[in-house]
Amino acid sequence: FNISFVWDRRLRGNRMSETEKLLLFALAGLRCALRLSAVDKVVHAVAVSPVAKAPEIVLGLVNIQGRIIPVVNIRGLLRLPEREMTPDDRIIIARTSRRPVAIHVDSVSGVGACRQEDIIAPDELYPGIELLEGVTKLPDGILYIYNLDLFLSAENDAAISQLLRGEGVLSI
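Residues numbered from 1 in each chain as written. Predicted model: local features only at pLDDT ≥ 70, side-chain atom pairs only at ≥ 80, totals over all residues. Heavy atoms only, no water.

Chemist: Quick question: what am I supposed to make of the pattern of salt bridges here?
Modeler: Any two side chains of opposite charge can pair, so long as their charged atoms come close to each other. For the structure shown, the criterion picks out 12 salt bridges. Residue R95 pairs with D40 through a salt bridge whose shortest N-O separation is 1.9 Å. A residue pair is termed long-range when its members are at least 10 positions apart, and R95 in strand β6 (residues 90-95) and D40 in strand β3 (residues 39-44) qualify at 55 residues. A single network of salt bridges, built from pairs that share partners, joins R75, R83, D89 and D106. (Salt bridge = Lys/Arg side-chain N within 4 Å of Asp/Glu carboxyl O. Helix = DSSP H or I, 4+ residues; strand = E, 2+ residues; numbered from the N terminus.)

Shown next, in the form of structure tokens:
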């Protein structure tokens, strides 16, 4: 990936164009991103503890510095091929509006930014596209920008809350 801040004098005089900071990662050959404001940290792959009766969206739980966090099955949601986690993989710890979540990705390439006006809304591409917040062009391809809040339906969020209460993680 090679996305950087963009200087645009035509739109903003001598100021930098409004940019969106993104965490860039790879998933099954796709170039993907999350808004950096939703990301807490990136860690090396750790063991994911499977949980009986977990909703399909949850691969299991991870313990990150004493915090028990559900691992969301992003590959399943995006209909990408499943694969085993390797030591070279990464886990992104991020926040939805309701809870922290972890997602297993192939690699993280860093932080970049793109101009807000260069992000194409999914409905402009094809009406009804779910989970995708937008896309932007790269010199050699496409960057898919995701919003984790779109990954968790109210039903899935309730199931995760129930799962965590059952595991003694939440005290509600």
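Chemist: Is there a simple way to think about the sheet that holds strand β5 (residues 67-72) in this case?
Modeler: Neighbouring strands of a sheet are bound in pairs by backbone hydrogen bonds; such pairs are parallel or else antiparallel. With mixed pairing, the five strands of this open sheet are ordered in space as β3-β6-β7-β5-β4. Of all strands in the sheet, those with a lone pairing partner are β3 and β4 (58-64), marking the two edges. Mean inter-strand twist for the sheet, computed between neighbouring axes without regard to direction, equals 30°. Relative to β6, β3 runs antiparallel, the two sharing five bridges. Across the sheet, residue K41 finds its bridge partner in β6, namely I93. (Pairing = 2+ DSSP bridges. Axes fitted to C-alpha atoms, helices over the stretch in contact; angles between N-to-C directions.)

This is a description of form; function is not addressed.
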